Structure formats: C-alpha cells, structure tokens
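Single-letter residue listing:
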Amino acid sequence: MAPNTLTCDGAPNVYDAEPIPDQARAEIERLLCSGDLFRYTAPEASPVALLEQEFAGLLGARYALAVSSCSAALFLSLKALDLPKGARVLIPAFTFAAVPSAVIHADCVPVLCEVGANFRIDIGDFAERLEGDIAAVLISHMRGHTSDMDAIMALCDARGIPVLEDAAHSLGTLWSGKNIGTIGKVGCFSFQSYKLVNAGEGGILVTDDPEIAARAVIMSGAYEHNWKKHAGLQNSFTHWQNRLPLYNMRMQNLSAAVIRPQLPLVWDRVEAGRRNHDHVASRLNRSDWLDVPSPLPQEERAPDSLQFNLIGQWSDAEARALQDAAKVLGISVQIFGLSEDNARAFWNWKFIGDIPDMPKTRAMLMRACDLRLPARLKPAELNYIADAILSAVDQVKAARTNAA
Ligand SMILES: *Cc1c(COP(=O)(O)O)cnc(C)c1O
C-alpha cells in the first residue's frame, strides 16, 4: 500500500484497556449499597475469596492469594521463601522495572542474566550465573515470551534453587500444555489495565506449596485470625501467627467484582490475542527489514502485544526515524533502548546500584520494537497497523536510497 493512502485518522486506539463485562455492575452496586468493601468482613465467600477459588481453579493450582498488584505478589513470594537479607536473586535483564524493584523491596540483591534476540533468557549465561551464589530465581516472562522452562527447572532443581514466575503478561500461556505460572514454586499475575484481565490495579499469586501460601497470606495482611477465611491451610497458619510482619497488600472487594466476570472470557481473549498477533507477525515477517521471533516449540502464547526486531543494517537514526514515521500514521512503536527513560531498559534501573554491562541484552533492546496489540482489535485495525509499520519502513529505507 502506498504511504499516502494511510491517514492517522484510521489508526486504532490501542491504549483502551479490555472492556468490563456488564455482569460486574450488579455486584458493584450491591457492594456500594452494603459498603462491604473489605475482604475479611463477610464470614465467608467474599468476592475476593471467591476470586481466589476461581483463579486457582482456572490455572489448576492448589492456592491463590489476591493482592493489590503483581508487584506486591512478587514481593510477597520472595518474602515467603524466607531468604536471608542480601540473598542474590537471578532475574532476566529484559523485564519491567517492577521486577528488580520487588527484589530490592524484599532486601535481596538482583543479579541480571542475559536475554537473547528472541526476547528469552540466554540459557548458557543463565547456567553460568546460577553458580554465583544464587539463592532464588525470578523468571519474568517478559511481554509473554516464555523462556526455556525445561532447561531452567532442570538447572534450578539440580541445585535446589527455588524458581518464582512473573507471569504478569502470561495469563493463558501454555508450556508443554501446562499453565505458565504453575511451573515454578509461585506464579504471579497482574490485573493492571494493560494486561489481559483489567481491574485498573490488582495482582494474584498461585502456588501448590501450603507453607508458602500460609506465609504469603499472613504477610499480605490477614491479621489476627483472618487467615481462617482462607480454606485448607489451618495447620500452617497457627505456626506463623504473629511471627511474620504484616505488609497489608490486600485486594478489596470492588476489584474482585471487576475481575471475576472477566475470568470466563480469558480463553476467548487468549485465542483472539494469538490470532491478532500471528496475523500482524506474518505480515511484518514478509519484510526483509523486520523479524518477529518464533515461539519455542513447547510454547503456546497468549500475546496482547507484539515485539519485532529491526534486522539487517539499521543505524540509530534510521531506527528513530521508523518510530517517527509510524507515529505520523498514528501507530506508536517503541524501541525499548531508544526511548528515553524506558522502564524496561536495564541501564535505567539506577536504584539497583552498579549496573552490569549486558551486551547481548543491550544489543537486543536497541533494535527491539514494542507494539501494543490488544485482543479486542478487529481485522481492519490489524491490517492498518501492519500497513502503517511496513509503510514507515519503506519511507525510512527509501530515504536512505535517495541519500546514497
Ligand atoms: C505489569 C508488569 C508487572 C507489574 O504488575 P503490577 O500489577 O503493575 O505491579 C511486572 N512484571 C511484568 C513483566 C509486567 O508486565
């Protein structure tokens, strides 16, 4: 398509979050009328408790604990492992700043490992760094890209190192048919508006380990005997009562009322997101200048965004020009390493102290493009997005030919 046939008026709004089903309204109205917003007021079956049961059922996990954010879930998971102060926690160098932040918050030290051009952990580098006195591993399935969990679990199990999963963007992703978030000791999910299930804010952790569940429940703010409202864990709780600090990161009932009617829609959203992603990916892959890396063979993805690499010869100026040309057409393409103060570029994580040189991850970030692609987009909107990006590439590359 010629560039001048696209106008930014046709650009879809990719920033709107997933819609809230109408069924949420009656429950919200009921909660507003009764004022029953605190999860532990009702003797049983509060909306938050029901959400936990439903979410555990959805993923096939024994326990779920709903909290205020995925960041809170990551923090509580680390605390529930009872690591000593200053313990070294291995995380990927490509993730959202919330991940190293949770490690710092838990009084641990984040250690970065390299991520390759396919957005997944470099297993050779991971194995090498695992030997460096690592107490726990926090895998972040960044933007829903699943690293090789078979290799990671084999390496960690052999050394008795616990694995936590940041599955904020991986709800509905399968690894050899198993739900992502149920492979490590704990899986953490987000209900922030840019994720598959939208509650504005919120998070949840799942685990099969009764001790971790009990510890996390108490620390999340189940003070006094409120833990009795979490089914199936009574023995462990009496042991931990009053021995753990309360961080008060509970979820409130209104959030659960917004989330619960979205859970039955998860698999439809996953399917739509994957179809949308694969359609745009196949169009972009026809360009010699772009590459959307393939998923690993064990992986069935649940994408709500699309990442692609600029391949061949691209200068920084050309890469920036691509962002600008796409923007003129109403499409925001963010190159992680070329957008200022990007929270996903590890060199901006000044709060972790000395920032290591991660050349492989850095090279990827300098040419990896980030594009939102919500599950609700329709075929015409997807085609507009693909046309706009391909047209922006043509413009940048034509300018180079003209200059030569
Ligand atoms: C969004 C996100 C988080 C943080 O989730 P919150 O619920 O906003 O705390 C953590 N990790 C990744 C990979 C994310 O995308």
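From a predicted model like this one, the values you see are computed outputs, not experimental measurements.

1. Considerations on the overall build of the protein chain
Phase 1: A count of helical and extended segments in the protein chain gives 13 helices and 14 strands.
Phase 2: Relative to the 2.2 N^0.38 estimate, which gives 22 Å for 404 residues, the radius of gyration of the protein chain is 22 Å and therefore close to what a compact globule would have.
Phase 3: For the protein chain, buried positions account for 58% of its 404 residues.
Phase 4: In the form shown here, the protein chain has an accessible surface area of approximately 16600 Å², with 52% of it arising from carbon and sulfur atoms.

2. Regarding the site of the ligand
Phase 1: Close contacts around the ligand come from 15 residues, with C70, S71, D166, S190 and K195 the closest.
Phase 2: K195 is positioned with one of its side-chain polar atoms (N or O) 2.6 Å from an oxygen atom of the ligand.
Phase 3: Coverage of the ligand by the protein amounts to 92% of the 380 Å² it exposes when considered alone.
Phase 4: With respect to the detected pockets, the ligand is housed in the largest pocket.

3. Some thoughts on the pattern of salt bridges
Phase 1: Counted by the stated rule, this structure contains 19 salt bridges.
Phase 2: R260 is paired through a salt bridge with E54; the nearest N and O atoms lie 2.7 Å apart. Taken together, the positions of R260 in the loop between α9 (253-259) and α10 (266-284) and E54 in helix α2 (residues 47-59) put the pair 206 residues apart, joining distant regions of the chain.
Phase 3: A residue is classified by how much of its surface remains accessible, and R260, at 23% relative accessible area, is partly exposed.
Phase 4: Put simply, E299 and R301 hold a salt bridge, and the shortest N to O gap is 3.7 Å. In this structure, E299 and R301 share a single accessibility class: buried.

4. With respect to unusual backbone geometry
Phase 1: At A45, a residue that is not glycine, the phi angle is positive and equals roughly 55°.
Phase 2: Residue position: A45 is located in the loop between α1 (23-34) and α2.
Phase 3: For A45, a relative accessible area of 47% puts it in the partly exposed group.
Phase 4: The phi dihedral of D107 falls on the positive side, at around 60°, and the residue is not glycine.
Phase 5: Looking at the secondary structure, you find D107 in the loop between α4 (98-105) and β3 (109-113).
Phase 6: Using a relative accessible area of 37% as the deciding quantity, one classes D107 as partly exposed.

5. Examining the environment of G312
Phase 1: Structurally, G312 is set in the loop between β12 (305-310) and α11 (316-328).
Phase 2: Given the relative accessible area of 59%, G312 is considered exposed.
Phase 3: Considering only alpha carbons, one finds G312 and R120, 192 residues apart in sequence, at a separation of 21 Å.

6. Side note on the sheet that holds β3
Phase 1: Across the sheet, seven strands lie side by side as β1-β9-β8-β5-β4-β2-β3; this open sheet has mixed pairing. With one partner strand each, in any of the chains shown, β1 (63-67) and β3 form the two edges of the open sheet. Sheet twist, expressed as the mean angle between neighbouring strand axes with direction ignored, is 25°.
Phase 2: Bridging between strand β2 (residues 88-92) and β3 involves five bridges; their strand directions are parallel. Residue pairing in the sheet places P92 in a bridge with C113 of β3.
Phase 3: Relative to β1, α2 is tilted by about 130°, and along the sheet it contacts β1, β8 (186-190) and β9 (203-207).
Phase 4: Sheet strands touched by helix α5 (residues 123-130): β2, β3 and β4 (134-140). Its angle to β4, the strand with the most contacts, is close to 155°.

What counts, and where the lines are drawn
Residues numbered from 1 in each chain as written. Predicted model: local features only at pLDDT ≥ 70, side-chain atom pairs only at ≥ 80, totals over all residues. Heavy atoms only, no water. Helix = DSSP H or I, 4+ residues; strand = E, 2+ residues; numbered from the N terminus. Rg over C-alpha atoms; globule rule 2.2 N^0.38 Å. Buried < 20%, exposed > 50% of the residue type's maximum accessible area, 1.4 Å probe, protein only. Areas by Shrake-Rupley, 256 points an atom, 1.4 Å probe, with all protein chains shown as cover. Near = heavy atom within 4 Å. Polar contact = N/O pair within 3.5 Å; in protein donor to acceptor, adjacent residues only side chain to side chain. 1 Å grid on protein atoms, 1.4 Å probe; cavity = no way out; pocket = protein on both sides within 12 Å on 5 of 7 lines; lining within 4 Å. Sits in = over half its atoms within 2 Å of the grid points. Salt bridge = Lys/Arg side-chain N within 4 Å of Asp/Glu carboxyl O. Pairing = 2+ DSSP bridges. Axes fitted to C-alpha atoms, helices over the stretch in contact; angles between N-to-C directions. Contact = heavy atoms within 4.5 Å.

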